[in-house]
Structures are given as C-alpha cells and as structure tokens.
Amino acid sequence: MPTLIEMEGVSKVYRTGQVDVAALAGITLSVETGEYMAIMGASGSGKSTLMNVIGFLDRPTDGVYRFAGREVENLSDDDLAAIRGRRIGFVFQTFQLLPRATALENVELPLVYQSVSRAERQAHATDILTQVGLADRMFHTPMELSGGQQQRVAIARALVTRPLLLLADEPTGNLDSRSGAEIMALIDRLHAEGLTILVVTHDAAVAGHARRRIVLRDGQIVEDTKTVNR
Ligand code: ADP
Ligand code: MG
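As a convention, each chain's residues are numbered from 1 in the sequence order in which they are written. In the order they appear in the text, chains get letters beginning with A and ligands get numbers beginning with 1. Totals for whole chains, interfaces and linings use all residues, but because this is a predicted model, local features are given only for residues with pLDDT of at least 70 and pairs of side-chain atoms are given and counted only at 80 or more. Think of the side-chain values as coming from all heavy atoms in the structure, minus any hydrogens and water.

## Things to note about the sheet that holds strand S7 (residues 165–169)
(1) Moving on: Two strands qualify as a pair provided that DSSP identifies no fewer than 2 bridges between them. A run of H or I in DSSP becomes a helix once it reaches four residues, and a run of E becomes a strand once it reaches two; helices and strands are each numbered from the N terminus. One open sheet accounts for six strands, arranged S6-S7-S8-S3-S9-S10; its pairing is mixed. Each edge of the open sheet is held by one strand with a lone partner, namely strand S6 (88–92) and strand S10 (220–226). Going across the sheet, the axis of each strand differs from the next one's by a mean of 15°, ignoring polarity.
(2) Moving on: The pairing of strand S3 (residues 36–41) with strand S8 (residues 196–200) spans four bridges and is parallel. Note on S8: the bridge partner recorded for Ile 39 is Val 200. Lines are fitted to the C-alpha atoms to define the axes, a helix being fitted only along its stretch in contact, and any angle between axes, read from their N-to-C directions, falls within 0 to 180 degrees.

## Describing the site of ligand 1
(1) Moving on: By convention in this text, a residue qualifies as near a molecule or strand provided that one of its non-hydrogen atoms is within 4 Å of it. The full set of residues close to ligand 1 is Tyr 14, Thr 16, Val 21, Ala 23, Ala 42, Ser 43, Gly 44, Ser 45, Gly 46, Lys 47, Ser 48 and Thr 49.
(2) Moving on: A distance of 3.0 Å separates an oxygen atom of ligand 1 from a polar backbone atom of Gly 46.
(3) Moving on: Methods summary: accessible areas were calculated by the Shrake-Rupley approach with a probe of 1.4 Å, and residue burial reflects only the protein chains presented. Its free accessible area being 560 Å², ligand 1 has 61% of it covered by the protein chains.
(4) Moving on: For the shell around ligand 1, the secondary structure elements donating two or more residues are strand S1 (3–16), strand S2 (19–32) and helix H1 (47–54).
(5) Moving on: Here the shell around ligand 1 takes three residues from H1, the largest share from any one element.
(6) Moving on: Ten residue types, Ala, Val, Leu, Ile, Met, Phe, Trp, Tyr, Cys and Pro, are classed as nonpolar, four, Asp, Glu, Lys and Arg, as charged, and the remainder, Gly among them, as polar. Split by residue class, the shell around ligand 1 holds four nonpolar, seven polar and one charged. Under the rule applied, a polar contact is a pair of N or O atoms within 3.5 Å (in protein, one hydrogen donor and one hydrogen acceptor; residues adjacent in sequence only if both atoms are side-chain atoms).

## Topic: the pattern of salt bridges
(1) Moving on: Take a side-chain nitrogen of Lys or Arg and a carboxyl oxygen of Asp or Glu: if they are within 4 Å of each other, that pair is a salt bridge. Applying the stated criterion to the full structure yields 13 salt bridges.
(2) Moving on: Across the pair Asp 20 and Arg 15 runs a salt bridge, and its minimum N-O distance is 2.9 Å.
(3) Moving on: The class of Asp 20 is partly exposed, set by a relative accessible area of 43%.
(4) Moving on: The partner of Glu 35 in a salt bridge is Lys 226, with the nearest N and O atoms 3.9 Å apart. Here the term buried applies to any residue with accessible area under 20% of the maximum for its type, exposed to any over 50%, and partly exposed to those in between, with areas from a 1.4 Å probe on protein chains only.

## Brief notes about the nonpolar core
(1) Moving on: Residues enter a nonpolar core if they are buried and are Ala, Val, Leu, Ile, Met, Phe, Trp, Tyr or Cys, with the set joined through side-chain atoms within 4.5 Å. Membership of the largest hydrophobic core comes to 40 residues, with the highest contact counts inside it found for Leu 129, Val 153 and Ile 155.
(2) Moving on: Among the secondary structure elements, those contributing two or more residues to this core are S3, helix H3 (103–112), helix H4 (118–131), helix H5 (147–159), S7, helix H6 (177–192), S8 and helix H7 (204–207).
(3) Moving on: Residue contributions to this core peak at six residues, all from H5.
(4) Moving on: Contact criterion: two residues are considered in contact whenever any of their non-hydrogen atoms come within 4.5 Å of each other. If sequence neighbours within four positions are ignored, Ile 155 has contacts with Val 91, Ile 183, Leu 186, Ile 187 and Leu 190.
(5) Moving on: If you look at the next biggest cluster of nonpolar residues, it comprises 29 residues, including Val 10, Ile 39, Leu 198 and Leu 216.

## A closer look at the pairing of strand S4 (residues 62–67)
Remark: a regular strand shows side chains that alternate across the two faces of the sheet.
(1) Moving on: Bridge analysis of S1 against S4 gives five bridges, and the strand direction is antiparallel. Following the sheet pairing, Glu 8 is matched in S4 by Val 64.
(2) Moving on: Bridge analysis of S4 against strand S5 (residues 70–71) gives two bridges, and the strand direction is antiparallel. Across the sheet, Phe 67 pairs through a bridge with Arg 70, a residue of S5.

## What about the sheet that holds S4?
(1) Moving on: Read across the open sheet, the four strands follow the order S2-S1-S4-S5; overall the sheet is antiparallel. Unpaired on one side and paired on the other, S2 and S5 mark the two borders of the sheet.

## Regarding the side chain of Thr 172
(1) Moving on: With respect to the helices and strands, the residue Thr 172 is situated in the loop between S7 and H6.
(2) Moving on: When its relative accessible area of 12% is taken as the criterion, Thr 172 is described as buried.
(3) Moving on: If we ignore the near neighbours within four places in the chain, the residues touching Thr 172 are Gly 180, Ile 183, Met 184 and Val 206.

## Concerning the packing of aromatic side chains
(1) Moving on: In summary, the pairing rule links any two rings of Phe, Tyr or Trp, Trp by its six-membered ring, whose centres are within 6.5 Å, and it sorts them by plane angle into stacked for under 30 degrees, edge-to-face for over 60 and tilted for everything else. Taken as a whole and judged by the stated rule, the model has three aromatic pairs.
(2) Moving on: Between Phe 90 and Phe 92, the ring centres sit 5.8 Å apart and the planes meet at 0°, which makes this aromatic pair stacked.
(3) Moving on: Classification of Phe 92 by relative accessible area gives partly exposed; the value is 26%.

Structure follows, in structure tokens:
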C-alpha cells in the first residue's frame, strides 16, 4: 500500500508569552493507506496537536510532513484547505454539529463549500446518513438526538466528501459505553471498507480496535506496536 502520511522530525512549538511549549518534539512516523492506528498518551502529551498537524489544521514548526506524497511546507494555506476539505474527515469528542441545522443539513455542509448542486448534496447526504443508520432521523436537530446519534451524524459529515483519511479525536469520550461500542463498530466497518483511520483515545478498549498503536509522551513517540488481527 502507498504511504499516506510521512513525517520526519516534525516539531510543533507553541509560543505563549515567555515560555515555549514543545507540543511535538521530533515525530518520525509513516502511515500507509488503509491502516487503522490508535494514538494514545497522557493528557498534554501532544495527541491533539499531532492530529491537527496531520489534518492541516496546524503547520509544523520544524521537520518534514508529506501527505499523499506532497510536502506540506510547499503548499499554500488555500491548497491545504482544499486538500483537507476533500481528503480528510474529522470527528471530535464533542461532535461539533451546528445546533440549529438538521442532521441532513449538517451532513450536506462540507459539500456546500465544494459547490455541489443542492439535489446532489441531498442525495449523497441522505445516502450516507442511511449507511450510518439514521435514515429516520435526518430531519432532527442535534438536540433531538442522543449522543451516539449525534456522533453518527458527525461521522456521516466526515464521510460525505469521500475522504482518504478519517481523524477521530476521542470519538467515544462523551458517550456511554454502549453508544461508544456502536461508534467503534461503525469505525471498524469503515476500516474494513478501506478507509485509513487514526483515532486518539486514552481508552484501551477503543485502542484495541486499531491494528497499530502509538503512544506519545512529551511530544515524542515512545511506543509503536502492531496489534494482532482479531
Ligand atoms: P493532548 O491532546 O495529548 O492532551 P495537546 O496536543 O492538546 O495534548 O497539547 C500538548 C501540549 O501543547 C500541552 O502542553 C498543551 O498545553 C500545549 N498546547 C496545545 N495547544 C496549544 C496552543 N494552542 N497554545 C499553547 N499551547 C498549546
Ligand atoms: Mg487532546
């Protein structure tokens, strides 16, 4: 499989007043297309920063990052936004849905930015919501949905652009264990269908779904293990 993510000595330093915080301190990492990887580590170890850099929400301070063979340093912010919009789906612990919009409108939104016609947007969003088991909830707003259902909407929104990569930062962190298990079953299915998945978690049970696990400490990778296929 081709390499999707390649990092060499990537650092990220945050300047806050007098002190510099090295959120990432020399990350060297290679992830192939189709991998399913968990990112673990204590709070403050750099997990979210690594996700943000991988997903172009933040640029490295130092080092080389290539995504699908293209070096991020040579790409403009507009290029990165365009690649992010089409190739990368994000899922967050707090769902991050628009509260006043229906599930369908939330899922359509990434396609609005790509000037896809209204009819095509609706058809595609409907299709994806059906795939995540929400065909009968499409016209509800987030407040009218359970946490697990809201996260399904967020996953549908992440998938609607047909991304190469799904980045999930603590996707089950706000869910009860049963809803969390359902979300992980959905993510497992997406992996089986060929999507590359990176999931940040501090939950060993969630990490157990992945096929590879890296552990961060103080912005460095201190462990990188392939887990046995279950
Ligand atoms: P994790 O997700 O593992 O909890 P983070 O990546 O959020 O860790 O943070 C890593 C380190 O970088 C922490 O020390 C955190 O305080 C710091 N940090 C993260 N984001 C910022 C920011 N925007 N400005 C300043 N410091 C930050
Ligand atoms: Mg975090």
